[in-house]
Amino acid sequence: MKQGIHPKYYTDGIVCGTCGTVWKIGSTRPNLRVEICANCHPFYTGEQRIVDTAGQVDRFMRRLNVAQERQNERESRRAARTQPEKKSLLKEIYGEDAE
Ligand SMILES: [Zn+2]
């Protein structure tokens, strides 16, 4: 190997952020990390689950709850706003026994 022309070679491997598995791979870059790997990806494990490393599911559930609360609030307001039954004009003029 010729001296002074090769970059530093790291053999630490790649660390998976989800399951913590260390994959032994050499690289010229130190501290490589991946979000998901073949050890924990649902495609390889065959199990149906959502891998949530960025908190996206939590954020979605929070937004869903807020939307549900608003919907309930809107419906209760709509129910409270039901207008009283409108009397017919005939009944208004001639009283209840008209018709
Ligand atoms: Zn993994």
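Keep in mind that this is a model prediction, so the values were computed, not measured.

K.L.:
Honestly, a nonpolar patch on the surface in this entry has me stumped. Any pointers?
P.N.:
The grouping of Ile50, Val57, Phe60, Met61 and Leu64 at the surface amounts to a nonpolar patch, some 460 Å² of accessible area in total. The topology assignment puts Leu64 in helix H2 (residues 56-80).

K.L.:
Even after reading the chapter, I still don't get the confidence of the model for the protein chain, so can you show me in this structure?
P.N.:
Note: predicted coordinates in regions of low pLDDT should not be interpreted at a detailed level. Per-residue confidence for the protein chain averages 86 on the pLDDT scale, and 94% of its residues sit at or above 70. Predicted confidence in the protein chain is weakest over helix H3 (residues 89-94), with a mean pLDDT of 81, and strongest over strand S2 (residues 22-23), with 94.

K.L.:
In this structure, what is going on with the environment of Val66? I would like to understand it.
P.N.:
Within the secondary structure layout, Val66 lies in helix H2. C-alpha of Val66 to C-alpha of Gln48: the two residues are 18 residues apart in sequence and 27 Å apart in space.

K.L.:
I keep staring at unusual backbone geometry and nothing clicks. Help me out?
P.N.:
The phi torsion of most residues other than glycine is negative, and most of the peptide bonds are trans. Even without a glycine there, the phi angle at Asn31 is positive, about 55 degrees. Within the secondary structure, Asn31 sits in the loop between S2 and strand S3 (32-34).

K.L.:
What is the right way to read the coordination of the zinc ion from this model?
P.N.:
Geometry sets the ideal angles at a metal, namely 109.5 degrees for four tetrahedral donors and 90 or 180 degrees for six octahedral donors. Surrounding the zinc ion are the protein donor atoms Cys16 (SG), Cys19 (SG), Cys37 (SG) and Cys40 (SG), which sit 2.2 to 2.3 Å from the metal. Given 4 donor atoms and angles of 103 to 118 degrees at the metal, the environment of the zinc ion is assigned as tetrahedral. Every donor residue of the zinc ion comes from the same chain, spaced as C-x2-C-x17-C-x2-C. Here the residue Cys19 occupies a position in the loop between strand S1 (14-16) and S2, and Cys37 occupies one in the loop between S3 and helix H1 (42-45), the gap between them amounting to 18 residues.

K.L.:
Please clarify how a positive patch on the surface should be interpreted in this entry.
P.N.:
A grouping of Arg70, Arg74, Arg78 and Arg81 is seen on the molecular surface, where their side chains present a positively charged patch. Positionally, Arg78 belongs in helix H2. Residue Arg78 is classed as partly exposed on the basis of its relative accessible area, which comes to 48%.

Reading guide: rules and limits
- Along each chain, residues carry numbers from 1 onward, in the same order as the chain's sequence is written.
- For this predicted model, a pLDDT threshold of at least 70 governs which residues receive local features, and a threshold of 80 or more governs which side-chain atom pairs are given and counted, while totals over whole chains, interfaces and linings are taken from all residues.
- Side-chain numbers here rest on the full set of heavy atoms in the structure, without hydrogens or water.
- Each patch is assembled from residues with relative accessible area greater than 30% and no salt bridge, linking like charges that lie within 9 Å and nonpolar side chains (Val, Leu, Ile, Met, Phe, Trp, Tyr) that lie within 5 Å.
- Accessible surface is estimated by sampling points in the Shrake-Rupley manner with a 1.4 Å probe; for residues, cover comes only from the protein chains shown.
- The salt bridge definition used is simple: a Lys or Arg side-chain nitrogen within 4 Å of an Asp or Glu carboxyl oxygen.
- Only runs of H or I of at least four residues qualify as helices and only runs of E of at least two qualify as strands under DSSP, and these elements are numbered from the N terminus.
- Each residue carries a pLDDT score, the predictor's confidence in it, ranging from 0 to 100.
- The rule for donors is simple: an N, O or S atom within 2.8 Å of the metal counts, and for Na, K and Ca the reach is 3.2 Å. Water is not among the atoms, so a site may look short of donors.
- Geometry is assigned from the angles between donors: four donors with all angles from 85 to 135 degrees make a tetrahedral site, four or six donors whose opposite pairs exceed 155 degrees while the rest stay between 65 and 115 make square planar or octahedral sites respectively, and everything else is labelled irregular.
- Asp and Glu are treated as the negative residues and Lys and Arg as the positive ones, with His and the ends of the chain left uncounted.
- Charge placement uses NZ in Lys and CZ in Arg. For Asp and Glu, CG and CD serve respectively.
- The buried label applies to any residue whose accessible area, calculated with a 1.4 Å probe on protein chains only, is under 20% of its type's maximum; exposed applies above 50%, and partly exposed to all values in between.

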